[in-house]
Amino acid sequence: MEIERKFLVDTDRLPFRPEDYPCRHIEQGYLCTAPVVRIRRDNDDYFLTYKSKGLMVREEYNLPLSKEAYEHLLHKADGRIITKKRYVIPLDNALSLELDIFEGELAPLVLAEIEFPDEDAARSYRAPEWLGEDVTYSSLYHNSALSQR
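Everything quoted here is computed from the prediction, not taken from an experiment.

Rules used throughout
Residues numbered from 1 in each chain as written. Predicted model: local features only at pLDDT ≥ 70, side-chain atom pairs only at ≥ 80, totals over all residues. Heavy atoms only, no water. Helix = DSSP H or I, 4+ residues; strand = E, 2+ residues; numbered from the N terminus. Buried < 20%, exposed > 50% of the residue type's maximum accessible area, 1.4 Å probe, protein only. Polar contact = N/O pair within 3.5 Å; in protein donor to acceptor, adjacent residues only side chain to side chain. Contact = heavy atoms within 4.5 Å. Pairing = 2+ DSSP bridges. UniProt positions renumbered as here; feature names shortened; annotations may be inferred. Salt bridge = Lys/Arg side-chain N within 4 Å of Asp/Glu carboxyl O.

## Things to note about the side chain of Glu27
- Here Glu27 is to be found in strand E2 (residues 23-33).
- According to the relative accessible area criterion, Glu27 is buried, its value standing at 18%.
- Here Tyr70 takes part through its side chain, which lies 2.7 Å from a polar atom of the side chain of Glu27.
- In contact with Glu27, other than residues within four places in its own chain, are Ile39, Arg40, Arg41, Tyr70, Leu74, Ile81, Ile82 and Thr83.

## Focus: the pairing of strand E7 (residues 78-90)
- As judged from the seven bridges shared by E2 and E7, these two strands associate in the antiparallel manner. Residue pairing in the sheet places His25 in a bridge with Lys85 of E7.
- Of the pairings in the sheet, the one linking E7 to strand E8 (residues 96-102) comprises seven bridges and is antiparallel in character. Bridge assignment links Arg86 to a residue of E8, and that residue is Asp100.
- In sequence, E7 turns back onto E8 through a hairpin of five residues, with Asn93 there showing a positive phi of about 60°.

## Digging into the pairing of strand E1 (residues 2-8)
- Counting buried positions along E1 gives seven out of seven residues, so the element sits mostly inside the fold.
- With two bridges connecting them, E1 and strand E5 (residues 57-58) associate as antiparallel partners. Following the sheet pairing, Ile3 is matched in E5 by Val57.

## Concerning the UniProt feature "domain: CYTH" (unreviewed entry) in the chain
- UniProt records the feature "domain: CYTH" (unreviewed entry) at residues 1-149, using the numbering of this structure.
- Each end of residues 1-149 is marked by a C-alpha atom, and these two atoms are 27 Å apart; helix forms 12% of the span and strand 44%.

## Focus: the sheet that holds strand E9 (residues 110-115)
- Overall, antiparallel pairing links the nine strands, which are arranged E5-E1-E9-E8-E7-E2-E3-E4-E6 in an open sheet. One side of each edge strand has no neighbouring strand; the edge strands of this open sheet are E5 and strand E6 (60-64).
- Where E8 and E9 come together, five bridges link them in antiparallel fashion. Directly across from Leu97, in E9, lies its bridge partner Ile114.

## Quick word on the environment of Glu105
- Topologically, Glu105 is positioned in the loop between E8 and E9.
- Glu105 gets classed as exposed once you look at its relative accessible area, which sits at 64%.
- C-alpha separation for the pair Glu105 and Cys23, spaced 82 residues apart in sequence, amounts to 20 Å.
- There is a polar contact of 3.0 Å between the side chain of Glu105 and the side chain of Arg80.

## Some thoughts on unusual backbone geometry
- Going from Ala34 to Pro35, the amide bond is cis rather than trans, its omega being 5°.
- In this structure, Pro108 follows Ala107 across a cis peptide bond, with omega equal to 10°.
- Examined against the element boundaries, Pro108 turns out to sit in the loop between E8 and E9.
- Positive phi values are uncommon outside glycine, yet Asn43 reaches one of about 55°.
- Residue placement: Asn43 occurs in the loop between strand E3 (36-42) and strand E4 (45-51).

## Some details on the pattern of salt bridges
- Within the structure shown, the criterion is met by 12 salt bridges.
- Residue Lys51 pairs with Glu60 through a salt bridge whose shortest N-O separation is 3.2 Å.
- Judged by its relative accessible area of 11%, Lys51 is buried.
- Judged by relative accessible area, which is 22%, Glu60 ranks as partly exposed.
- Three or more residues joined by partner-sharing salt bridges are found here, namely Lys84, Arg86, Glu98 and Asp100.

This is how it looks when you write it as structure tokens:
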């Protein structure tokens, strides 16, 4: 189960420098968007992911892939291949923020996601002002939708 809130971010308003945190390079494509079936390269790791319908709460299953299987499936992806840099920034209360800085056609889009242990924690979370607009309930900002626009 994935429980997360998503925010638009203006990097000029960040109270930290993303470059001061570890960076992961992500490339992903979508084999299907309803239901969501995604393939992803995360640095040197490869995954096939299924995500159910939903906005703040979704089922998510990740299965490991070999590099060869990923590269074979990448050619079958619909829409654009998404590339982004992901920085993981620790927050209070054992939470962390995943800051995604999109590259290519989706630049200069920057999104932040915060995963929560339960729905109550997600609903009661008070986001700092620097996070910007809460787009949790907008499917337009799902990566699967971004791959199609």
